[in-house]
Each structure stands twice: as structure tokens, then as C-alpha cells.
Amino acid sequence: MKIELSLTPALYPFRTILGQHTTVAIDVLRATTAVCAAFQAGCQYVVPVASLEELPKYRSLGYTLAAERNGQKVADADYGNSPTEYLKHNLEGTRLVYSTTNGTVTMLSAADAKHLYCGAFANLSALVDRLIADNDDVVLLCSGWKNDYCIEDTLLAGAIVERMTERTSVECVGDAAATARMLWDMAKSDLSGFCCTASHVHRLQKFGAYEDIDFAFRIDTCPVVPELRDNRLSLVH
Ligand code: MLT
């Protein structure tokens, strides 16, 4: 199995794994962690949309609106992008329409993939089980921040590469995936401490999102694998 890492969505078109492959959209802080939490709280499905202008249409169709820009909840939305807030509610049967600064853009930019899964530390083991069972080549696609590199997404990519390599025969294509694994090896004994200087950690701390930051770095809190199919995220069983 081949595995390649795109460090930002802008780099995704330049990857070398094309054709039949799985893409894993990664936004540890917080979009993909929040999607995992929403499903863990019982959400039925999630429709990711790129622009806020699309939201009112979904409101009239009975959807619950979840939207964030620049780390803060959008004023007219029911929810922002907080995984710990989702987990405090019973979202049983809820249909969410979801728009975030980077994460939903990332999910929607990989429409060419055979499978598009959401990856987070929250679903690391369940996700790796699924990737191994599929046995397809894998592109790990980090959201970063506005097409700039970010460390927490890269670390999750490194953790996925490590777990996959321990369980199956993996060829890392290009240098990014192998480098992410080295970085993960340096960080894994104290993930939160390693990320304490990360730019988005600082941004979220200014908004008081300490609980979310702590949650996003915990492993296997939400053993679900959200997959984008027919423009909506639902659970792989
Ligand atoms: C995003 O999509 O850019 C992030 O999830 C931002 C956030 O932490 O809310």
C-alpha cells in the first residue's frame, strides 16, 4: 500500500497518488475532531458546505446549522465547531449542515477520491482499521490554516503512518509522510506539550477553547469513521 501526505489543500493537486485511492481529510483543531464528536453524540449525518451563504437554505429544510469562521462560532448558527460542545448534547437524529474556515474546504476538495474519510486523534484506531481493511493507496490531506502548514495535522498524519507501517506493508511516497512520522515520534510522549506553541492552539486559547484543545489531542475518544458520500458525511459500518 502506498501512502502520501499533502501538507495543505493547495498541495493536494500535486500529489503523485492518483486514480483509485482513499483520502483522509485531517483538521485536528477542530473540524474533523468535531465531526467525530458529532457522530459520537448521535448525529445522523453532516453536510459540509464551503460558504456561509448556503446555510439559510438548509435551515428552511430543517437542518441544524453548525458554522465557524476564524475560530469562532458564526452568529446565526446553532453550533460552532466545538467537539466538546457537541458531546454535551444528544444529537440523536440531527442533520447538521457544517461550514468551517478550513476543514470543510479540505473535505470538499477531495471529491476525486474513492473514499473520503475524516481523520482525527479522536478516531485514530478506528480509522486505521478501516484503511487497512480497504487496502487502497492512501492520501493524507492536512487542512492546515488557510493553506499554510500546521503542526497538529502533520502529527496526526505521522501517527497514521506509524500505525499503518506497524500493521501492513507501506511505501511512503515522497518525503512528507516519512517526515511526519519522524515528527510524531518526537511528539507522541507529550502531544499537548509538543503542540503548545502551535499557532492555532494560541488562536483558540484566546477564545477560551481550552477544553477543545485538550480533547483534540486525546486518542480514540470517538471510535467512528465518517465518510463523505453523495455530498454528506455519514458513518462507515
Ligand atoms: C477550521 O476548519 O479551520 C477549524 O476547524 C477552525 C476551528 O478550530 O474552529
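Here, every reference points to the structure presented above.
Residues numbered from 1 in each chain as written. Predicted model: local features only at pLDDT ≥ 70, side-chain atom pairs only at ≥ 80, totals over all residues. Heavy atoms only, no water.

### What to know about the pattern of salt bridges
Stage number 1. The tally for this structure, following the rule as stated, stands at 10 salt bridges.
Stage number 2. Close ionic contact of Arg-59 with Asp-78 constitutes a salt bridge, the shortest N to O distance being 3.0 Å. Highlighted residues: Arg-59 in helix H2 (residues 55-60) and Asp-78 in the loop between strand S5 (72-73) and helix H3 (83-87), separated in sequence by 19 residues.
Stage number 3. According to the relative accessible area criterion, Arg-59 is partly exposed, its value standing at 36%.
Stage number 4. Accessibility expressed as a relative area gives 34% for Asp-78, which makes it partly exposed.
Stage number 5. Several salt bridges share partner residues, and in doing so they unite Glu-162, Asp-185 and Lys-188 into one network. (Salt bridge = Lys/Arg side-chain N within 4 Å of Asp/Glu carboxyl O. Helix = DSSP H or I, 4+ residues; strand = E, 2+ residues; numbered from the N terminus. Buried < 20%, exposed > 50% of the residue type's maximum accessible area, 1.4 Å probe, protein only.)

### As for the environment of Thr-197
Stage number 1. With respect to the element layout, Thr-197 can be found in the loop between helix H8 (191-194) and helix H9 (199-206).
Stage number 2. Overall, Thr-197 belongs to the exposed group, its relative accessible area being 61%.
Stage number 3. Distance in space between the C-alpha atoms of Thr-197 and Asp-134 is 36 Å, their sequence separation being 63 residues.

### Concerning the packing of aromatic side chains
Stage number 1. Across all of its chains, the model carries 4 aromatic pairs by this definition.
Stage number 2. Pairing Tyr-45 with Tyr-63 gives two aromatic rings, centres 6.2 Å apart and planes at 70 degrees, and the pair type is edge-to-face. Taken together, the residues span a long stretch of sequence, with Tyr-45 in strand S3 (residues 45-48) and Tyr-63 in the loop between H2 and strand S4 (64-69) at a distance of 18 residues. Here the two residues Tyr-45 and Tyr-63 agree in accessibility, since each one is buried.
Stage number 3. Note on Tyr-79 and Tyr-86: the rings are 5.5 Å apart at their centroids and 75 degrees apart in plane angle, and the pair reads as edge-to-face. No difference in accessibility class separates Tyr-79 from Tyr-86, as the two residues are buried.
Stage number 4. An aromatic cluster is built from Tyr-45, Tyr-58 and Tyr-63, whose rings are joined through pairwise contacts.
Stage number 5. If you follow Arg-15 out to its NZ or CZ, it ends over the ring of Tyr-12, 3.9 Å from the centre.
Stage number 6. Directly above the aromatic system of Tyr-63 lies the positively charged group of Arg-95, at a separation of 4.4 Å from the ring centroid. (Phe/Tyr/Trp six-rings, centres within 6.5 Å; stacked < 30°, edge-to-face > 60°. Lys NZ or Arg CZ within 6 Å of the ring centre and 35° of its normal.)

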